[in-house]
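The lines below spell out each chain.
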Amino acid sequence: MPRTLLRLLMTMLVTALVATACAGNENGDAGKQPPDTTVAEVTGSTAGPTTTVAPATTAAPTTTAAPTTTTTEPPPPSWTNDELDVVGRVAHDGDVAVVVATEDGVTLETVAVEVATGLELWRAPYTPGGRFGGMGLAGLNVIDGVAVHPEGDPADPFGTELVGRDARTGEELWRDEAPLTFGAEVCGDVACAAVLDPATGAYVAVGLDVRSGTRLWAVDGADIDYVTDPDLAVVLTVGPDPYITAVEPATGSIRWDVDPEELLGQDMTTGFGWNFVRRDGVVLAYLSRQIGSPTTYAATFALDDVTGELLWEREDVRINRWPIDALTVSPWVPDGEFLRIEAIEVLDDLRSGAATSIEVPLPEDTESRNQIGFGDAAFGPDGGTIFWLVDDDWVGLDATTGQPAEIPDVVWEATETELVDLAPILPADRPTVWLREAGYAPISSVDRSPADVDAAEIPDFVGRTVAGWTVWIDADGALNGVRTG
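Right, let's walk through the structure included here.

**Some thoughts on the state of the cysteines**
Put plainly, two cysteines are in a disulfide when a covalent bond ties their sulfur atoms together.
Piece 1. Taken as a whole, this structure holds 1 disulfide when the rule is applied.
Piece 2. Note on cysteine connectivity: Cys 187 is disulfide-linked to Cys 192, with sulfurs 2.1 Å apart. Its torsion about the S-S bond being -135 degrees, the disulfide of Cys 187 and Cys 192 is classed as left-handed. Pair check on accessibility: Cys 187 and Cys 192 agree, each one buried.

Structure below.
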């Protein structure tokens, strides 16, 4: 078998193995706000790469004998577009938001809406690219007025392209071949993406000029959707021999690279998930161990973000991923066939690894693969508290202090994800379901009934917040916007 074909087959196998890795974030339910403005009707699905642009509305001219002063009505404080069945992946720049939506539960489209009103602007085809069910939707983003999204036939993931469009008009600016892409992420003024290199059969991370689509740089690695700051992007080579590369997005310069197996002195893998967080000069990383490891199941470790130096390492500890600005970890212990979360700890000092164990009860059946997170947790409107149920009673913690938290009247519940059946359009050897991203619902902490909240009470962690606007998905798949600043 030719070496290139062998590497290609191995890459596809690795991609399938990481299907349980990580899903994206995103957004609520019964407290959906009534529309404060008329929402444009959704246009029909496009059959190809053309876009449908919502018609502009102009008022008839009025003539008066005396001069008049015309004022422009300010945008509404909140809106709901329930004409869209949004699957997930909300991204916006404060002017235009792009989301993945479906009309029939199978066909996926990139849809752009005006952030200030919720009015639909245009839509174009969308494809999952190289993503599999457990990995969430492939990235799409708005960067410097350009919407970048994956496009192509879902039945032919090798033919996927990344397309750049004018975010407001939908005009195509460029398209670039991107086989099995994981999608595009914001790296400052650069679009970062992971694509398969047909020449080698391996994934590479690339930096794209958003105006022209020109490839500015490329480095080995498949995942680039966790740390993508303007001055630093972390690229992970996935599979049984993971490798971490820190790239400066503007130039493609490699700041440092790390072999986790050499660094930690243990066999590592991405087969059971991974996670990266950058904060206060530290890159916090989580990787799992090879199947059948008799001692260590996973490791969380900290790297200096300038040098890549190992600061500390903890075995059998996983980073919790919350939508709020909280950084906690969960130690694991063996529990029969699975691993069980033993505690939750707040990391007090990232450079030393000092942590405060939280003295709160945990659900008895919380397993490593079903850790407290989406579908299990709710969040306080203050953006710093987390709540979950133990024997039908709420337990709360303040994730900034590590102390128990009082239960508020209303909590924001992360709703269960739904699975969208894509079997009719996917190749036979790929999974037949696609992970729908999470939504949020404000509920009463007393009886879990839907709660009514005002626009001013909607927290910004329920969705992407940029330039004073939060755009979020509720549990019914409707898109919402609220002015939060």
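**Section: the environment of Phe 182**
Piece 1. Position of Phe 182 among the secondary structure elements: in the loop between strand 9 (172-177) and strand 10 (183-187).
Piece 2. Residues Phe 182 and Gly 130, 52 residues apart in the sequence, show an inter-C-alpha distance of 5.5 Å.

**Focus: the packing of aromatic side chains**
Piece 1. For the structure on display, the rule yields 5 aromatic pairs.
Piece 2. A ring pair is formed by Phe 182 and Tyr 203, whose centres lie 4.9 Å apart and whose planes are at 40 degrees; its orientation type is tilted. Separated by 21 residues along the polypeptide, Phe 182 in the loop between strand 9 and strand 10 and Tyr 203 in strand 12 (residues 202-209) bring together distant segments of the chain.
Piece 3. Phe 182 gets classed as buried once you look at its relative accessible area, which sits at 3%.
Piece 4. Accessibility expressed as a relative area gives 7% for Tyr 203, which makes it buried.
Piece 5. With a centroid separation of 6.1 Å and an interplanar angle of 70 degrees, the aromatic rings of Tyr 440 and Phe 461 are classed as edge-to-face. Taken as a pair, Tyr 440 in strand 34 (residues 440-444) and Phe 461 in the loop between strand 34 and strand 35 (464-466) lie far apart in primary sequence, 21 residues in all. Of the two residues examined, Tyr 440 and Phe 461, each falls in the buried class.

**A word on the pattern of salt bridges**
Piece 1. Summed over all chains, the structure comprises 20 salt bridges.
Piece 2. Arg 255 is paired through a salt bridge with Glu 248; the nearest N and O atoms lie 3.4 Å apart.
Piece 3. Arg 279 serves as the salt-bridge partner of Asp 325, at 3.0 Å between the closest nitrogen and oxygen. Linking Asp 325 in the loop between strand 22 (317-319) and strand 23 (328-335) with Arg 279 in strand 18 (residues 268-279), this pair joins segments that are 46 residues apart in sequence.
Piece 4. For Asp 325, a relative accessible area of 58% puts it in the exposed group.
Piece 5. Taking the relative accessible area as the measure of exposure, Arg 279 reaches 28% and is therefore partly exposed.
Piece 6. Overlapping salt bridges bring together Glu 151, Glu 161, Arg 165, Glu 172 and Arg 175 as one network.

**Notes on the sheet that holds strand 9**
Piece 1. Taken in spatial order, the 4 strands line up as 6-7-8-9 in an open sheet, and their pairing is antiparallel. Both outer strands of the open sheet, strand 6 (141-143) and strand 9, are each paired with one neighbouring strand and no more. Between one strand axis and the next, the sheet turns through 25 degrees on average, direction left out of account.
Piece 2. Relative to strand 8 (residues 161-166), strand 7 (residues 146-151) runs antiparallel, the two sharing 6 bridges. Note on strand 8: the bridge partner recorded for Glu 151 is Glu 161.

What counts, and at which threshold
Per chain, residue numbering runs from 1 following the sequence as it is written. A pLDDT threshold of at least 70 governs which residues receive local features in this predicted model, and a stricter bar of 80 or more applies before side-chain atom pairs are shown or counted, although totals over entire chains, interfaces and linings include all residues. By convention in this description, side-chain values take in all heavy atoms of the structure and omit both hydrogens and water. We call a pair of cysteine sulfur atoms a disulfide when they lie within 2.5 Å. Each residue gets one of three labels from its accessible area relative to the maximum for its type: buried under 20%, exposed over 50%, partly exposed in between, using a 1.4 Å probe on protein chains only. Under the scheme used here, helices are H or I runs from DSSP no shorter than 4 residues and strands are E runs no shorter than 2 residues, and both carry numbers assigned from the N terminus. The rule is short: rings of Phe, Tyr and Trp, with Trp giving its six-membered ring, pair when the centres are within 6.5 Å, and they are stacked under 30 degrees, edge-to-face over 60, tilted in between. Think of a salt bridge as a Lys or Arg side-chain nitrogen and an Asp or Glu carboxyl oxygen that are within 4 Å of each other. Note on pairing: DSSP must find at least two bridges between two strands before they are called paired. A fitted line through C-alpha atoms represents every axis, and for helices the fit uses only the stretch in contact; the resulting angles, taken between N-to-C directions, go from 0 to 180 degrees.

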